[in-house]
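Here is how the chains run, residue by residue.
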Amino acid sequence: MSGPESSAPAAARPAVGADPAPLVDLGNLRVTFRLPDRDVPAVRGVSLTVAEGEAVGILGESGSGKSVTGRTLLGLLRTPPAHIEVDHLRFRGEDMTAAMTGPNFSAQATKRFAMIFQNPFTALNPVFRIGTTLCEVLVKRRGMSRADARRAAVELLDAVRISDARNRLRSYPHEFSGGMQQRIMIALALALEPEVLIADEPTTALDVTVQARILDLLREIQRERRMGMIFISHDLDVVSEVTSRVYVMYAGRIVETGPVDSLSRQPRHPYTRGLWASAPRLDRYKTRLPAIPGNPPAPGQAPPGCAFHPRCRLATDICATERPEPRAVAEEALVACHHADKAAA
Ligand SMILES: Nc1ncnc2c1ncn2[C@@H]1O[C@H](COP(=O)(O)OP(=O)(O)O)[C@@H](O)[C@H]1O
Ligand code: SF4
Ligand SMILES: [Mg+2]
């Protein structure tokens, strides 16, 4: 058990939301890019779990290590320059720790994970019709015959609510709007029958109305298929639309995690509070407020102690010298802050 009553020290607890065999159980991921002139420690200790059928969010400002975390899970990083270390990766209890740092991880990872990205247009090959691209994936990756692939491609476009699917398969990417292209990217991801979909800022490039429709679609599909989902975003409002639990990342580490409802109602980490206050919510503010002063540190330049301390209004001496360990503050909620109680007050 990992409830607050557990006597295990906070740092040794499994990540919040863990059950006996979560779909994904990632422990203490570290990723450093070893460049000729310097090391870039992009991810400095990320632990997370995704339960069967659960959608979790990774939230944080640009540069906090969200995409690198997602890409590592999918085996997309070139090693070198990336150097990956991890305490454990388990998929439904199966130990994949050694595989994760080995040379052929992407072949194993892509059987379980699929990813959609921020900009669908750059991910779609402009010279091929949508049907060709979809069928290619179904034939090569799922071993289907051409005829079966054609039928499955129609079903996939139906699944992402693209009408007149049979005809639309003959269209080229540029004949679709940005929102429709993102639907196609979702169809391509679903073609792989992933057990976990990693969505990396999938609506950031879209206008607000289209964004809302894509979020609805993702939520519906994730629930219908009982897929796991890791939804990456810099926007707490967007994350709370789609996920039930959120990991907040800062400078390569998770600084707070908890159920999305309580996290939006009562964020405890000063950084999460700043993100929440600066979200442009129409019911509260007309424009984005500069709630967090300054910028996040570049990787490799994070200050000692709590990496957030130069920007934190609650910082005291201890914050500049001692890194706060994550500790349980409520059921399923961890916060890495020396003064989380003051922040929540
Ligand atoms: N291939 C790479 N080589 C060197 N540095 C990288 C590489 N990919 C990402 N980084 C650095 O790692 C840090 C985290 O990046 P990223 O995960 O993309 O941030 P986020 O998605 O949270 O905006 C950034 O400072 C970025 O510049
Ligand atoms: S540990 Fe200190 S500097 Fe870091 S968030 Fe908490 S109060 Fe702010
Ligand atoms: Mg990113």
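Okay, so let's go over this structure. (Residues numbered from 1 in each chain as written. Chains lettered and ligands numbered in written order. Predicted model: local features only at pLDDT ≥ 70, side-chain atom pairs only at ≥ 80, totals over all residues. Heavy atoms only, no water.)

The end-to-end C-alpha separation of helix α6 (residues 146–159) is 20 Å, in line with the 20 Å expected for 14 residues at 1.5 Å each. Along α6, the positions that sit buried rather than exposed are A149, A152, A153, V154, L156, L157 and A159. Where α6 is buried, its residues contact α5 (130–142), α7 (165–168), α8 (178–191) and α9 (208–225). (Helix = DSSP H or I, 4+ residues; strand = E, 2+ residues; numbered from the N terminus. Expected span 1.5 Å × (residues − 1). Buried < 20%, exposed > 50% of the residue type's maximum accessible area, 1.4 Å probe, protein only. Contact = heavy atoms within 4.5 Å.)

Closest axis-to-axis distance for the α5/α8 pair is 9 Å, and the angle between their directions is 15°. Here α5 is positioned roughly parallel relative to α8, judged by the angle of their axes. At the point where α5 passes α8, the crossing takes the right-handed sense. Note on element contacts: α8 touches α5 through I184, A187, L188 and A191, opposite I130, T133, L134, V137, L138 and R142. The residue inventory of the contact of α5 with α8, partitioned by class, reads 8 nonpolar, 1 polar and 1 charged. (Axes fitted to C-alpha atoms, helices over the stretch in contact; angles between N-to-C directions. Parallel < 35°, antiparallel > 145°, perpendicular 65-115°, else oblique. Left-handed = near helix turned anticlockwise from the far one by under 90°. Nonpolar A, V, L, I, M, F, W, Y, C, P; charged D, E, K, R; others polar.)

What follows concerns a positive patch on the surface. A cluster of like positive charges, contributed by R129, R146, R150 and R170, occupies part of the molecular surface. Inspection of the secondary structure assignment puts R170 in the loop between α7 and α8. (Patch = residues over 30% accessible without salt bridge, like charges linked within 9 Å, V, L, I, M, F, W, Y side chains within 5 Å. Areas by Shrake-Rupley, 256 points an atom, 1.4 Å probe, with all protein chains shown as cover. Salt bridge = Lys/Arg side-chain N within 4 Å of Asp/Glu carboxyl O. Lys, Arg positive; Asp, Glu negative; His and termini not counted. Charge placed at Lys NZ, Arg CZ, Asp CG, Glu CD.)

This part takes up the site of ligand 2. Lining the immediate surroundings of ligand 2 are 13 residues, of which C306, C312, C319, C337 and H338 lie closest. The site holding ligand 2 turns out to be the largest cavity. For the shell around ligand 2, a count of residues per class yields 9 nonpolar, 4 polar and no charged. (Near = heavy atom within 4 Å. 1 Å grid on protein atoms, 1.4 Å probe; cavity = no way out; pocket = protein on both sides within 12 Å on 5 of 7 lines; lining within 4 Å. Sits in = over half its atoms within 2 Å of the grid points.)

The full set of residues close to ligand 1 is F33, V40, A42, E61, S62, G63, S64, G65, K66, S67, V68 and P299. Contact between ligand 1 and G63: an oxygen atom at 2.7 Å from a main-chain N or O atom of the residue. Backbone polar atom of G65 to an oxygen atom of ligand 1: 3.0 Å apart, as the coordinates give it. Counting only elements with at least two residues in the shell around ligand 1, the list comes to β2 (39–50) and α1 (66–73). A per-element tally of the shell around ligand 1 places α1 first, with 3 residues. Residue composition of the shell around ligand 1, grouped by class: 5 nonpolar, 5 polar and 2 charged. (Polar contact = N/O pair within 3.5 Å; in protein donor to acceptor, adjacent residues only side chain to side chain.)

Pairs of aromatic rings are described using the distance from one ring centre to the other and the angle between the two planes. Enumeration according to the criterion identifies 4 aromatic pairs in this entry. Taking 5.1 Å as the distance between ring centres and 85° as the angle between the ring planes, the aromatic pair formed by Y250 and F308 counts as edge-to-face. On the criterion of sequence distance, the pair formed by Y250 in strand β10 (residues 245–250) and F308 in the loop between α12 (270–278) and α13 (317–321) is long-range, its members being 58 residues apart. Summarising the aromatic geometry, the rings of Y271 and F308 are spaced 5.3 Å apart at their centres and angled 65° between planes, so their arrangement reads as edge-to-face. One end of the pair, Y271, is in helix α12; the other, F308, is in the loop between α12 and α13, with 37 residues separating them in the sequence. (Phe/Tyr/Trp six-rings, centres within 6.5 Å; stacked < 30°, edge-to-face > 60°.)

With that settled, consider the sheet that holds strand β8 (residues 196–200). Taken in spatial order, the 8 strands make up an open sheet running β7-β8-β9-β3-β10-β11-β13-β12, and their pairing is mixed. In this open sheet, the two strands that pair with only one neighbour each are β7 (113–116) and β12 (327–330). With direction set aside, neighbouring strand axes in the sheet form an average angle of 25°. With 2 bridges connecting them, strand β11 (residues 253–259) and strand β13 (residues 333–335) associate as antiparallel partners. Within the sheet, the bridge partner assigned to E256 lies in β13 and is V335. Of the strands in this sheet, β3 (55–59), β7, β8, β9 (228–233) and β10 touch α1, which is tilted by about 150° from β9. (Pairing = 2+ DSSP bridges.)

L134, V160, I186 and F231 are the most contacted members of the largest nonpolar core, which totals 62 residues. With 8 residues, α8 is the largest single contributor of residues to this core. Counting contributing residues, this core receives three or more from each of domain 1 (10–112 + 196–344) and domain 2 (120–193). If we ignore the near neighbours within four places in the chain, the residues touching L134 are A153, L156, L157, L169, A187, L188 and A191. Formed by 36 residues, the second largest nonpolar core is a distinct cluster that contains V24, L29, L74 and V86. (Core = buried A, V, L, I, M, F, W, Y, C linked by side-chain atoms within 4.5 Å. Domains from an automatic or database assignment.)

This next bit is on the pattern of salt bridges. What the rule picks out here adds up to 15 salt bridges. When the shortest N-O distance is used, the salt bridge between E220 and R161 registers 2.5 Å. A residue pair is termed long-range when its members are at least 10 positions apart, and E220 in helix α9 and R161 in the loop between α6 and α7 qualify at 59 residues. Three or more residues joined by partner-sharing salt bridges are found here, namely E52, R92 and E195.

The values reported here are purely geometric and, on their own, carry no functional implication.
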